[in-house]
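Fold and contact review
So the chains spell out like this:
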Amino acid sequence: MRAAFPNRSYGLPVGGTKADVEKFTVAQVKNYYQNYYSPDNATLVVTGDFATEPVLKAVKNTFGKVPKRAKQDKEIPKPNSISSPTSSKKQPIVLKEPGSASLLHTVYPLPDVNHPDVPAIDVMDAILTGGRSSRLYQAAVETGLASSVGASAAEQIEPGWYEITATAAPGKELGKIAEVIQASLSQLQQKPVSPEELNRAKTQLLAIFVLSNQDITSQATQLGYNQTVAGDYRYVERYLNAIAKVTSADIQRVAKTYLTPAKQTIGFFAPTLPDGKPGSSTGASGRTVENFSPGEPVDPAELAKYLPPATSATAPSKQPLPEQFALANGMQVLLLPDRSVPTVNLSGQIAAGSGFDNEQKAGLASFVAGNLMNGTKTKNALTLAQTLEDRGASLEFSASREGVSIGGSGLSANLPIIVQTLADVVQNATFPTEQLELSRQQALTGLKVQLDDPRSLGRRAFQQAIYPENHPFHSFPTEDSLKSITRDDLARFYKEHYRPDITTLALVGDFEPKQVKALLNQAFGKWQATGKAPILNFPQVGLPKTTTRLEKVIPGKAESVTYIGYSGISRKDPRYYAVTVLNQILGGDTLSSRLGTEVRDRQGLTYGIYSAFAAGINPGPFLIQMQTSPGDANKAIASTTALLKQLREQGVTEAELNAAKRSITNSYPVDLANPGDIASIILDNSIYGLSQTELREFPTKIEAVSMTQLQQAIQELIKPENLVIVTVGPGDIVPKS
C-alpha cells in the first residue's frame, strides 16, 4: 500500500508504528482530540423501537450543550484526485519472511465514493469475484492454481483502491497466478460481458444490500457510513438506482480506466518456511518470575456517575415463538415467520461433525461438508453455484465438533430454490474426484496457514492438552490425515451420517408456514434413514492435577498468543446462567471486564483479552485468550492467574452482579432484532435440548441469578491451581529458571 500510495497514509497501521506511539506527547494527543472530537465532526444514528420526539429531545439535551471546539492547528488537506499512474508496469514487490502459504496482493487506485464510476466498479467486482461462478474463481481456483482468490473495492471520502488477493495452491507459482488474473482482466476490457453475467452481478449486489441490513445495528452502520463517508444519509438510494443502470459498456470502460497494468502495484509474499510447520515445542512448570497483586475491581457505581440512568430491557414475552414439528422421516423443523424484511434465513445442523473423525482420517467430516456443493446426480458444481448466485442466494456447509452447520439466506422469493438445492445435496451428492482433489489442495494450504498462525496453533495445542486421545474433541487434521482421505471414505461417511432423523432446520423470514411445510415435505419426503444413527462416546474429562505449561514456537512472529483454561460445562448444565453472568464479569467484554480493566488497561500487558465458556451439547473448554508482545507474555499470564485467585478468594460485588445481568439482558433484544441471529438461536435451543420458550425466558433466567449461585459457580468452576496454559509465539517465552 505504501508503494501504491506514497503520498497517503494507507500503508501505515491505524494504531501507529511502535516508534511513533512511543514518541507521542500529551500535547499531541490533546491537540488531536481538540481538532476532531467535536460535535461538528460527529454523526449520531439511532435505529430501533422508539418514539422519535422523546429521543430527539434527549439528544438535544445531552449533546446540544457540547460546544464546537476551537481548532488548534490547520486542517489536514484532503486530496480529491486519484494517484497518477506510472508510465509502465511495475515489477512485483517480493517479501520473504518466515511463513506458510505464498500470497499475492495487487492494488489499483480508485476514485472517491461519490465518483459516478463507483456503481459500475462494484458491478465489475461482482463479475470478477462474486461467488464460485465468478471469473477469477473459475480462472484461478477451479484450475488448481490458487486455493483462494478474492477482491474488494475500498470506496471512501478520499480516493480509494481496488485490491485482488490470492493464496497459491501447494507447488504453484505466484507469477503464473498473476498472469491468469491479468488475462481475466484483459478479457473483461476487450470483450463485453454477457447479459447473464451482468444481471447476476446486479442481483447479487441488491440481495447483499437487503440481507446485510436486516437488523437495526447494520441499518445504523449503513446510515452512518452514508452520512460520514458519502456526505448524504440517503446515498444508498442513488447508489442502487445507479447499479440498475450499469451497462456492459460501463463495465468495459471502468475496467480499461482503472485495472490497467500501468496503474497496478503487485506484491508477492514468499514464505521461507514452505512446509508451514512450527519450530519447536517445549513444556515447563507454571512458575513465573513475577508476583502480581491485582488492583481492586472497578466499581460499576463509579462508572455509572458518567452515564445516563440505566433502563430495563424490552419485555421478552412479546417475542414470537417458532412452530416446531417433525417430518415423517424424523427431520426436525422450526418455522418463525418475520415479515419485517423480504428475506429468508436458514440455519441447520446435521449430527455428522468432526467428532466422528479418528486420528488417521482427521478432516474427513470437513471434507464431506465442503464437497457437498461439488456435484449431485443431476447438477455439476458450476450449475449448483449458478442456481443460487443468479438469484443472490447462498447455501453453505461447515463441519464443527458436534455437527455440520448449514447456513442459507436469500430474498424471500428464492426460498424454494434454497430448499430444493439443500435437499438435492444432502441426498444426491456424488463427490467428483477432480473436485475432491481441489478441495484437498485447499485444505492442505489452509492447514499450513493454521500452523503458522499463533491463534489457530494455540487453540489446537490447548484443546489437545485438555482432552485425551480417545475424546472426540482431541483430533485435528494433519498433512498425513488429509492426504489419506479417499473418495470412498467420503461416500461411506456421507451414507452413514447424513440422515434426516439427526437433522434440524430452522427457518426465519418472510414466508407462509403452510406453503413452507408443503415445500419441505416435497423436497425431503424421499430422504429416509435405515438402522440406528451413529453415536459418540464422550469420556469424562477431569482437571489437570497441577498447572500445565506448554510453549509452541513459530519463528518470525511479532506477537504471542496465550490460552489458559480447562474443561468446562455443557449448555444444559444448571449452572449455565450463573456461569454466563460470571463470564461477563471476568472477561466477557475486553473493555469493561476484570481481565480487561486489570491486564489490559491498568497494566498495559495485552491489547486484547477475553474469557469464554464453550458450552455445547457436551462440555467444552473454559478458556481465556490474550495477545501480547512476546516479552510481556509471562507477566500477563502471572497477572491473569493472580486475578483468578482473587476472584476465587474474594468473589464479586453486588454492583458487579447487577451490572453484568443488566448488560446481558439489555443486549439480548438487539440479538433478537436480527432474523439471522434468531434462526441460529432457535436452532441452538433445539439441538441443545432446550424448550422453545427459552427464546423468551433467557433474560428472566439471567435476572434470576443470585449472589449465592454466582459464588457457588466460582468455587466449583474457577480453578487457578489446575490450569492448562499454552503460549504460541516466536520463542523464549517460558522462563528457563
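The preceding data block contains the structure.
The residue numbers shown here count from 1 along each chain, following its written sequence. For a predicted model such as this one, the threshold for reporting local features is a pLDDT of at least 70, and the threshold for listing and counting side-chain atom pairs is 80 or more; totals across whole chains, interfaces and linings nevertheless cover every residue. Only hydrogens and water are set aside when side-chain values are computed; all heavy atoms of the structure are taken into account.

**Things to note about the packing of aromatic side chains**
The cut-off we apply is this: By convention, a stacked pair of Phe, Tyr or Trp rings (six-membered ring in the case of Trp) has centres within 6.5 Å and planes under 30 degrees apart, an edge-to-face pair has planes over 60 apart, and any other such pair is tilted. With a 1.4 Å probe rolled over the protein chains alone, any residue whose accessible area is under 20% of its type maximum counts as buried; one over 50% counts as exposed, and the rest are partly exposed. The criterion is that NZ of a Lys, or CZ of an Arg, lies within 6 Å of the ring centre and within 35 degrees of the ring normal, and then a charge sits over that ring.
As enumerated under the stated definition, the model contains 17 aromatic pairs in all. Where phenylalanine 524 meets tryptophan 527, the ring centres are 6.1 Å apart and the plane angle is 40 degrees; that geometry is what we call tilted. A residue is classified by how much of its surface remains accessible, and phenylalanine 524, at 1% relative accessible area, is buried. Exposure remark for tryptophan 527: the relative accessible area of 6% places this residue in the buried category. Positioned above the aromatic ring of phenylalanine 476, the side-chain terminus of arginine 401 is 4.5 Å from the ring centre. Over the aromatic face of phenylalanine 325 sits the side chain of lysine 517, whose NZ or CZ is 5.2 Å from the ring centroid.

**Brief notes about the sheet that holds strand E7 (residues 323-326)**
Let me state the cut-off plainly: Between any two strands, at least two bridges found by DSSP are needed for them to pair. Put simply, DSSP marks the helices as runs of H or I at least four residues long and the strands as runs of E at least two long, and each gets a number from the N terminus on. Convention adopted: a line fitted to C-alpha atoms gives each axis, helices being fitted over their contacting stretch, and angles between N-to-C directions are expressed from 0 to 180 degrees. Contacts are assigned to residue pairs with any non-hydrogen atoms lying within 4.5 Å of each other.
What the six strands build is an open sheet, ordered E7-E8-E12-E9-E11-E10; its pairing is mixed. Whereas interior strands pair on both sides, the edge strands pair on one side only; in this sheet they are E7 and strand E10 (394-399). On average, each strand axis in the sheet is inclined to that of its neighbour by 15 degrees, with strand direction left out of account. The pairing of E7 with strand E8 (residues 332-337) spans four bridges and is classified as antiparallel. Across the sheet, the residue bridging to glutamine 324 is leucine 334, located in E8. Those strands touched by helix H7 (residues 195-211) are strand E9 (343-350) and strand E11 (404-411), and its axis lies near 110 degrees from that of E11.

**Section: the pattern of salt bridges**
Pairs can form between side chains of opposite charge whenever their charged atoms are close. Applied cut-off: Just to be clear on terms, a salt bridge is a Lys or Arg side-chain nitrogen sitting within 4 Å of an Asp or Glu carboxyl oxygen.
Under the criterion given, the structure shown has 27 salt bridges. The residue aspartate 117 makes a salt bridge to arginine 253 at a minimum N-O spacing of 2.7 Å. One end of the pair, aspartate 117, is in the loop between strand E2 (103-109) and helix H4 (118-129); the other, arginine 253, is in helix H10 (residues 248-258), with 136 residues separating them in the sequence. Residue aspartate 117 is classed as buried on the basis of its relative accessible area of 9%. Its relative accessible area of 35% is what places arginine 253 among the partly exposed residues. Notably, a salt bridge pairs glutamate 598 with arginine 602, separated by 2.6 Å at the nearest N-O pair. Linking glutamate 598 with arginine 602, this pair stays in helix H21 (residues 594-602), spanning four residues, or about one helical turn. Looking at glutamate 598, the relative accessible area reads 6%, which means it is buried. One salt-bridge network, held together by shared partners, links Arg571, Glu694, Glu697 and Lys701.

**Brief notes about the packing of H21 against helix H22 (residues 633-650)**
The line we're drawing: Working rule for handedness: look at the near helix, and if it is turned counterclockwise from the far one by less than a right angle, call the crossing left-handed; if clockwise, right-handed. In this classification, the charged set is Asp, Glu, Lys and Arg, the nonpolar set is Ala, Val, Leu, Ile, Met, Phe, Trp, Tyr, Cys and Pro, and all remaining amino acids, among them Gly, are polar.
One way to put it is that H21 packs onto H22 with a least axis distance of 10 Å and a crossing angle of 145 degrees. The way H21 lies across H22 gives a crossing that is right-handed. For the pair formed by H21 and H22, the contact residues are Arg594, Leu595, Glu598 and Val599 on the first element and Ala636, Ser639, Thr640, Leu643, Gln646 and Leu647 on the second. Class assignment of the residues belonging to the contact of H21 with H22 gives a composition of five nonpolar, three polar and two charged.

**Re the pairing of strand E14 (residues 560-567)**
In terms of burial, E14 is a largely internal element, eight of the eight residues being buried. Pairing geometry for E14 and strand E16 (residues 621-628), over eight bridges, is antiparallel. Across the sheet, the residue bridging to serine 560 is threonine 628, located in E16. Bridge analysis of E14 against strand E17 (residues 724-729) gives five bridges, and the strand direction is antiparallel. Pairing of tyrosine 563 across the sheet is with valine 726, part of E17.

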